[in-house]
Amino acid sequence: QVQLVESGGGLVQPGGSLRLSCAASGSIFSIHAMGWYRQAPGKQRELVAAITSGGSTNYADSVKGRFTISRDNAKNTVYLQMNSLKPEDTAVYYCNADLSVVGGPRGDYWGQGTQVTVSS
């Protein structure tokens, strides 16, 4: 009923930039917050950045000043602009949405993940 479709991952050199996008679609009544998580091999999934419907943002300390999260409420889309990328940013990045479906409960939804590789 709800789909989160990510795009924008890929291979980039250290110091480069990438922009991730995630569009939510389906029987959505209201989106309360959207965010990006990442999981590197052998590590736990961690929050990268999140943004509420009102525009409040939260970032992991490791990405502050380099990554920017933004949101287009009309398009149910969240973006992650990643600058000054480092090899340690290499991970699968997952989109997350905290939303309510039409006639249903509030819950967490996840995208399928997009690989970001930072390497020379």
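Everything that follows concerns the structure shown earlier in this document.
These notes cover the structure that comes with them.

Rules used throughout
- Residues numbered from 1 in each chain as written.
- Predicted model: local features only at pLDDT ≥ 70, side-chain atom pairs only at ≥ 80, totals over all residues.
- Heavy atoms only, no water.
- Salt bridge = Lys/Arg side-chain N within 4 Å of Asp/Glu carboxyl O.
- Buried < 20%, exposed > 50% of the residue type's maximum accessible area, 1.4 Å probe, protein only.
- Disulfide = S-S within 2.5 Å.
- Helix = DSSP H or I, 4+ residues; strand = E, 2+ residues; numbered from the N terminus.
- Pairing = 2+ DSSP bridges.
- Axes fitted to C-alpha atoms, helices over the stretch in contact; angles between N-to-C directions.
- Core = buried A, V, L, I, M, F, W, Y, C linked by side-chain atoms within 4.5 Å.
- Contact = heavy atoms within 4.5 Å.

1. A look at the pattern of salt bridges
And step 1. One pass over the full model with this rule turns up five salt bridges.
And step 2. As a salt-bridge pair, Glu-46 and Arg-38 come within 2.8 Å of each other at their nearest N and O atoms.
And step 3. When its relative accessible area of 36% is taken as the criterion, Glu-46 is described as partly exposed.
And step 4. Here the salt bridges do not stand alone but share partners, grouping Arg-38, Glu-46, Arg-66 and Asp-89 into one network.

2. Let's talk about the state of the cysteines
And step 1. In this structure the tally under the stated criterion is one disulfide.
And step 2. Linked covalently through their sulfurs, Cys-22 and Cys-95 form a disulfide whose S-S length is 2.0 Å. Note on the Cys-22 and Cys-95 pair: the S-S dihedral is about -80°, so by sign convention the disulfide is left-handed. Here Cys-22, found in strand 3 (residues 18-26), pairs with Cys-95, found in strand 9 (residues 91-101); they are 73 residues apart in sequence, far enough to count as distant.
And step 3. In this structure Cys-22 comes out as buried when scored by relative accessible area, which is 0%.

3. Some words on the sheet that holds strand 3
Within a beta sheet, neighbouring strands are joined by backbone hydrogen bonds and run either parallel or antiparallel to one another.
And step 1. Sheet architecture is open: four strands sit in the order 1-3-8-7, paired in antiparallel fashion. The open sheet has two edge strands, strand 1 (2-7) and strand 7 (67-72), and neither has a second partner. Averaged over neighbouring strand pairs, the angle between their axes works out to 15° when direction is ignored.
And step 2. When strand 7 meets strand 8 (residues 77-82), the two strands line up antiparallel, connected through six bridges. Bridge pairing in strand 8 places Ser-70 opposite Tyr-79.

4. Some remarks on the nonpolar core
And step 1. Trp-36, Leu-80, Met-82 and Tyr-93 are the most contacted members of the largest nonpolar core, which has 31 residues in total.
And step 2. Sorting the residues of this core by element identifies strand 1, strand 3, strand 4 (28-39), strand 5 (46-52), strand 7, strand 8, strand 9 and strand 11 (114-118) as the ones contributing at least two each.
And step 3. Excluding anything up to four places from it in sequence, Met-82 contacts Gly-16, Ser-17, Leu-18, Leu-20, Arg-66, Phe-67, Tyr-93 and Val-116.

5. As for the pairing of strand 3
Every other side chain in a regular strand lies on the same face of the sheet, so the side chains alternate between the two faces.
And step 1. Where strand 1 meets strand 3, six bridges bridge the pair, whose relative direction is antiparallel. Counterpart to Val-2 in the pairing with strand 3 is Gly-26.
And step 2. Two elements, strand 3 and strand 8, share six bridges in a ladder whose sense is antiparallel. Residue pairing across strands places Leu-18 opposite Met-82, the latter belonging to strand 8.

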